[in-house]
Amino acid sequence: MNIDIDISKVTLKTKRLVLRPWRMKDLNDFFEYASVDGVGQMAGWQSHKNIEETKEILNSFMQNRNVFAIEYQGKVIGSIGIGEYDEEAFPEFEYLKCRSLGYVLSKDYWGQGLMSEAVKKVVSYLFDEMDLDLILCESLLYNKQSIRVQEKCGFKYYKDIEYLTQTDDVVKLRISVISKVDN
Ligand SMILES: CC(C)(COP(=O)(O)OP(=O)(O)OC[C@H]1O[C@@H](n2cnc3c(N)ncnc32)[C@H](O)[C@@H]1OP(=O)(O)O)[C@@H](O)C(=O)NCCC(=O)NCCS
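Residues numbered from 1 in each chain as written. Predicted model: local features only at pLDDT ≥ 70, side-chain atom pairs only at ≥ 80, totals over all residues. Heavy atoms only, no water.

### Observations regarding the pattern of salt bridges
Counting across every chain of the model gives 11 salt bridges. A salt bridge links K75 to D29, with the shortest nitrogen-to-oxygen separation between them at 3.8 Å. One end of the pair, K75, is in strand β4 (residues 75-83); the other, D29, is in helix α1 (residues 27-34), with 46 residues separating them in the sequence. Measuring nitrogen to oxygen at the nearest pair gives 2.5 Å for the salt bridge that ties D131 to K180. One end of the pair, D131, is in the loop between α3 (114-128) and β6 (134-140); the other, K180, is in the segment after β8 (170-179), with 49 residues separating them in the sequence. For D131, a relative accessible area of 38% puts it in the partly exposed group. (Salt bridge = Lys/Arg side-chain N within 4 Å of Asp/Glu carboxyl O. Helix = DSSP H or I, 4+ residues; strand = E, 2+ residues; numbered from the N terminus. Buried < 20%, exposed > 50% of the residue type's maximum accessible area, 1.4 Å probe, protein only.)

Listed below in structure tokens is the structure:
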């Protein structure tokens, strides 16, 4: 089952990063990376066409209280969302406290281990502070760098599924999981 999450008063620190709630003043940083082609598409969304679109999504992040901004050297360069997994698709997790992670990093910062550093911290927070039993992560099957991030953070292959997108395309998703007992 999905459990309630509210990160609106939570700040986590790693060696290089600050993970904290989004603020409206992050709007330009957010638009800067979300408008670049080839970033959001890997996570299943289209790059932002204008700053109004970014503002709307930033507002939803703040209202939903479940997405961390990733701050590096004073600039927001990405996000980690603690989303709800599909309870109907995974009835076997009914008695476990679960959530699903999704993440995006500015293209300018790929390949430096930053997302793995951020994901490890959020995983520890969810197990140690929020007492979750299981965390899921899904990636497009061809998104090798995302699957690699999951491996580096201790997630294990669970299964591959087919998913029908809003544009009626069938895509393959890799589902990985990490459980509290393995962490
Ligand atoms: C996925 C993403 C967050 C990774 O961020 P990152 O900070 O570059 O990740 P890390 O540096 O921690 O790790 C990336 C790993 O993937 C590897 N990698 C990169 N490109 C790869 C490829 N084409 N095939 C296989 N591995 C690849 C890197 O070598 C690295 O592994 P290593 O440390 O063993 O060498 C970033 O690429 C991104 O934002 N992509 C677009 C959005 C997205 O895909 N989000 C995930 C949706 S769930």
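This is not the end of the story, as more comes after the structure.
### Some words on the packing of α1 against helix α2 (residues 51-64)
Running from amino to carboxyl end, α1 crosses α2 at an angle of 115 degrees, the nearest separation of the two axes being 9 Å. Of the two elements, α1 crosses α2, and the hand of that crossing is right-handed. In contact with L27, N28, F30 and F31 of α1, α2 contributes I51, T54, K55, I57, L58 and F61. The residue makeup of the contact of α1 with α2, split by class, is seven nonpolar, two polar and one charged. (Axes fitted to C-alpha atoms, helices over the stretch in contact; angles between N-to-C directions. Left-handed = near helix turned anticlockwise from the far one by under 90°. Contact = heavy atoms within 4.5 Å. Nonpolar A, V, L, I, M, F, W, Y, C, P; charged D, E, K, R; others polar.)

### Digging into the site of the ligand
Residues in contact with the ligand amount to 21 residues; listed here are only the nearest, Y103, G111, S116, N143 and K152. Between the ligand and Y103 there is a distance of 2.7 Å, counted from a nitrogen atom to a backbone nitrogen or oxygen. Take M115: an N or O atom from its main chain is 3.0 Å from an oxygen atom of the ligand. Burial of the ligand by the protein amounts to 73% of the accessible area it has alone, namely 970 Å². Looking at the shell around the ligand, the elements that each hand over two or more residues are β5 (98-105), α3 and α4 (144-152). For the shell around the ligand, the class distribution of residues is 10 nonpolar, seven polar and four charged. (Near = heavy atom within 4 Å. Polar contact = N/O pair within 3.5 Å; in protein donor to acceptor, adjacent residues only side chain to side chain. Areas by Shrake-Rupley, 256 points an atom, 1.4 Å probe, with all protein chains shown as cover.)

### Observations regarding the packing of aromatic side chains
In the structure shown here, the tally under the stated rule is 11 aromatic pairs. Centroid distance F30 to F61: 5.5 Å. Interplanar angle 25 degrees. Geometry classified as stacked. Here F30 is found in helix α1, whereas its partner F61 is found in helix α2, with 31 residues between them in sequence. Judged by its relative accessible area of 17%, F61 is buried. Consider the rings of F90 and Y158, whose centres lie 6.3 Å apart with planes at 55 degrees: the pair is tilted. Of the two residues, F90 sits in the loop between β4 and β5 while Y158 sits in strand β7 (residues 156-164), which places them 68 residues apart along the sequence. Given a relative accessible area of 5%, F90 falls into the buried group. Given a relative accessible area of 29%, Y158 falls into the partly exposed group. A network of ring pairs unites the aromatic residues W22, F30, Y33 and F61 as a single cluster. (Phe/Tyr/Trp six-rings, centres within 6.5 Å; stacked < 30°, edge-to-face > 60°.)

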